[in-house]
Amino acid sequence: MGISEAILEGGHWAAKLITANKELAFQSDEREKLLAELITVNKELVFQGKEKCKRAAELIIANKELAFECKEKGKRAAELIIANKELAFQCKEKEDRAAEFITERQRRLFEEKMARLDRLNLVGQMAAGIGHEIRNPMTTVRGYLQLLGAKHEYAVRKPTFDLMISELDRANAIITEFLSLAQTKRTEQRSQDLNDLLGKLYPLIEADTFTQNKQISFIPGEIPNLELNGNEITQLLLNLTRNGLEAMEERGRLQIKSYVDNGKVVLAIADEGCGIAAENLRKLGTPFFTTKDSGTGLGLATCYKIVESHNAKIDIDSSTRGTTFFISFPIPVASSKIVDILSQKAIHPISGS
Amino acid sequence: MGKILVADDQFGVRSLLVEVFREDQHDVETAENGAEALRLFIAFKPDLILLDMKMPVMNGLEALREIRKLDSQVAVIMMTAYGDIQTMETAKDLGILYYMSKPFDLFELRQRISDIFKRIAS
């Protein structure tokens, strides 16, 4: 090979070397770039890693915080459970005490009732005798008042004699009512229809009503037979209707109803009077309590006694528009089958009633 | 007018009725108990007997029973301060014209007695 060829070749090689060198340099640059990128990425990763560690640390703290709160809540829940048990215990204590109180009260009421019955028994025995003892001298006095009051020499004082006689009659009425009140014999009751009794009395009450220029309605419902003492129920009805009529002005309406309600037979007597004052309601039925000028104060006491001897109950509804007395009678077992039928009927009311 | 026997253990009632009946021109005798009433019924032969229920020795009901054994027709009016229904029913069965609850209305009694005597006379 000649020098020129060698130079050419060398030149080729140099060119190749230069290219390769450029190539290498380029690659080297590239590598450096990559390296720099990798270093950057690495720094980035390291940074992210640090961030994650920070966050992990924060989460751990937060977790510890939550765990602590949970514990606190657990404690508080435990305290509440204890407090709740305490309250439950106190509640039970109060209930026990209330039960004792009720028992004690019931016992006291029972003893009072027995004592009262004993007294009534004694009073009942005495009452009949006393009634007799008083009525005899009363007969003498009344008779002579009538006899002397009719004589000419006392004609000018006849009104006084009449007054004396009426005062005696009033005293006698008190004895009569007291005797019926004091009687404690177990009264004879038999199975009968209350509506029948009402029906028999109705003409009497109606006549009274019309005389006073008042009105009356009688609404007998379908009711089963009850164990009743006819005389006593008659007395009860007359007393209550008389009171109802007296309470009303003219044209007032007295209403007498009978119906079944809640397993009981109810007799309702309603007037359109001015009602009973609250302070008097409490005293109703107390012997000798009356708001009437010429009342004996025994009419309602007798009613209450009659109601009691029939195992019934009196409820009173009173307002300025009027007063209603509700007397609820228990239904005897034999009659209660009839009540079932009747109450079924009530579910499908007869139209037009 | 007629003969009346008054049987009552109470002095006041007897005085009252004696005065009233004598005023009305009746012939009156009185008894203090049932036994005396029975005795006088036999001796005095009254047209009418006023008999009180509660009397000592023999009460009105027993006296009435005895009287009815002797005479089923004599007019009897029963008086009572008791108002015992049962006794009154028994007396009615034995036969009485009326019973009067004490204290009675004197004029009503007077009128009834006058009616009785009118019926007896006719």
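Residues numbered from 1 in each chain as written. Chains lettered and ligands numbered in written order. Predicted model: local features only at pLDDT ≥ 70, side-chain atom pairs only at ≥ 80, totals over all residues. Heavy atoms only, no water.

All names here are of chain B. Residue Pro103 is reached from Lys102 by a cis peptide bond, and omega for that bond is -10 degrees. The residue Lys45 is not glycine, and still its phi comes out positive at about 50 degrees. Of note, Lys45 is situated in the loop between α2 (34-44) and β3 (48-52). In this structure Lys45 comes out as exposed when scored by relative accessible area, which is 56%. (Helix = DSSP H or I, 4+ residues; strand = E, 2+ residues; numbered from the N terminus. Buried < 20%, exposed > 50% of the residue type's maximum accessible area, 1.4 Å probe, protein only.)

Let us look at the domain arrangement of chain A. Here chain A is described as being made up of domain 1 (1-132) and domain 2 (190-347). Each of domain 1 of chain A and domain 2 of chain A was reduced to a C-alpha centroid, and the two centroids are 71 Å apart. (Domains from an automatic or database assignment.)

Bringing the interface of chain A and chain B into the picture now. If you look at the interface, chain A gives 16 residues, while chain B gives 18 residues. A buried area of about 1700 Å², summed over both sides, lies between chain A and chain B, and 62% of it is on carbon and sulfur atoms. Considering only the side of chain A, the residues that lose the most area to chain B are His132(A), Thr139(A) and Leu147(A), jointly responsible for 32% of the buried surface there. The tally of links from chain A across to chain B stands at 1 salt bridge. Connecting chain A to chain B are 8 residue pairs in polar contact (both at pLDDT 80 or more). When residues in the side of chain A that touches chain B are grouped by element, the largest group, 13 residues, is from helix α1 (residues 3-149) of chain A. (Contact = heavy atoms within 4.5 Å. Buried area = accessible area lost by both parts, 1.4 Å probe. Salt bridge = Lys/Arg side-chain N within 4 Å of Asp/Glu carboxyl O. Polar contact = N/O pair within 3.5 Å; in protein donor to acceptor, adjacent residues only side chain to side chain.)

It is worth spelling out helix α5 (residues 106-121) of chain B at this point. All names here are of chain B. Under the 1.5 Å per step criterion, the end-to-end length of α5 is 22 Å for 16 residues, consistent within 8% with the ideal 22 Å. Of all the residues in α5, the buried ones are Leu106, Leu109, Arg110, Ile113, Ile116 and Phe117. The buried residues of α5 occupy one face: seen down the axis, they fall within an arc of 125 degrees. Put simply, Asp105 is the residue that caps the front of α5, since its side-chain oxygen is 3.0 Å from the backbone nitrogen of Phe107. (Expected span 1.5 Å × (residues − 1). Arc of directions from axis to C-beta.)

This part is about the packing of aromatic side chains. Residues and elements named next belong to chain A. Counted according to the given criterion, the structure contains 2 aromatic pairs over all chains. Ring centres 5.6 Å apart and planes at 50 degrees place the aromatic pair Tyr154 and Phe161 in the tilted group. Taking the relative accessible area as the measure of exposure, Phe161 reaches 9% and is therefore buried. Ring geometry for Tyr202 and Phe218: centres 5.3 Å apart, planes at 25 degrees, overall stacked. (Phe/Tyr/Trp six-rings, centres within 6.5 Å; stacked < 30°, edge-to-face > 60°.)

Attention now moves to the sheet that holds strand β5 (residues 264-270) of chain A. The pairing of strands in a sheet comes from backbone hydrogen bonds and takes either a parallel or an antiparallel form. All names here are of chain A. The strand order across the open sheet built from 5 strands is β2-β4-β5-β7-β6, with neighbouring strands paired in mixed fashion. Each of the sheet's edge strands pairs with one partner strand only, and the pair in question is β2 (215-220) and β6 (313-319). For this sheet the average axis-to-axis angle between neighbouring strands, irrespective of direction, equals 15 degrees. Strand direction decides the pairing type here: β6 and strand β7 (residues 322-330), joined by 7 bridges, are antiparallel. (Pairing = 2+ DSSP bridges. Axes fitted to C-alpha atoms, helices over the stretch in contact; angles between N-to-C directions.)

What follows is about the nonpolar core. All names here are of chain A. In this structure, Leu194, Ile233, Leu236, Leu240, Leu267, Ile327 and Phe329 are the most contacted members of the largest nonpolar core, which totals 32 residues. When contributions to this core are tallied by element, the ones reaching two or more residues are α3 (194-211), β3 (226-228), α4 (230-247), β4 (253-261), β5, α6 (299-309) and β7. What Ile327 contacts, discounting residues up to four positions off in sequence, is Leu236, Leu240, Val265, Val266, Leu267, Val307, Ala312, Lys313 and Ile314. (Core = buried A, V, L, I, M, F, W, Y, C linked by side-chain atoms within 4.5 Å.)

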